[in-house]
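Spelled out, the chains give:
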Amino acid sequence: MKGFEFLMEQKMKILKDFEKNKDKYFRGIKKVAEKYKGKAFIFGSFLRKGDFMGGSDVDILFFSPLLDKNRELKWRILRELKEIVNENPRFEFHVVNSKEFKIYTTFLKMRKEL
């Protein structure tokens, strides 16, 4: 039972961190997007009323045209984003170039720009 209690304690820490810091995290993500001449959007269950549960992640679509010519930049951006959110595992980042962005936006009907 101690393992289960530990997992629940960790999950509660993650949830509390997200609730306390989400606005700060969203502002930080937007600043990274601006730094790389891109945009960031929230999509998925976080935006759908009633769908965002305790175990849900927060999907972030991060687009930068700079990735069109430099794919290795993706890993630097991803590292910066993870640092901004303090490695909070609730965030799932989708870092994409122009071509991938068009594909995502074709299928994502509900998204909100940060």
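Small disclaimer: the values here were computed from a predicted structure and weren't measured.

## A few points about the sheet that holds strand S2 (residues 58–63)
- Read across the open sheet, the 4 strands follow the order S3-S2-S1-S4; overall the sheet is mixed. Strands at the two margins of the open sheet, each flanked by one partner only, are strand S3 (91–96) and strand S4 (111–113). The mean inter-strand angle of the sheet, taken between neighbouring strand axes irrespective of direction, is 25 degrees.
- Each of S2 and S3 touches helix H2 (residues 73–84); the most contacted strand, S3, lies at about 155 degrees to it.
- Packed onto the sheet, helix H3 (residues 98–107) meets strand S1 (39–43), S2, S3 and S4 and runs at close to 125 degrees relative to S3.

## Here we look at the confidence of the model for the protein chain
- Looking at the protein chain as a whole, its pLDDT mean stands at 87, while 91% of the residues score no less than 70.
- Mean pLDDT values for the elements of the protein chain range from 85 in helix H1 (residues 2–35) up to 96 in H2.

## Observations regarding the pairing of S3
- Along S3, 5 of the 6 residues are buried, which leaves the element largely enclosed by surrounding structure.
- Note that S2 and S3 share 6 bridges and pair parallel. Bridge pairing in S3 places Leu-61 opposite His-94.
- Between the parallel elements S2 and S3, the chain passes through H2 in a crossover that is right-handed.

Cut-offs and rules
Residues numbered from 1 in each chain as written. Predicted model: local features only at pLDDT ≥ 70, side-chain atom pairs only at ≥ 80, totals over all residues. Heavy atoms only, no water. Pairing = 2+ DSSP bridges. Helix = DSSP H or I, 4+ residues; strand = E, 2+ residues; numbered from the N terminus. Axes fitted to C-alpha atoms, helices over the stretch in contact; angles between N-to-C directions. Contact = heavy atoms within 4.5 Å. pLDDT = per-residue confidence, 0-100. Buried < 20%, exposed > 50% of the residue type's maximum accessible area, 1.4 Å probe, protein only. Right-handed = clockwise from strand over helix to strand, strands pointing away.

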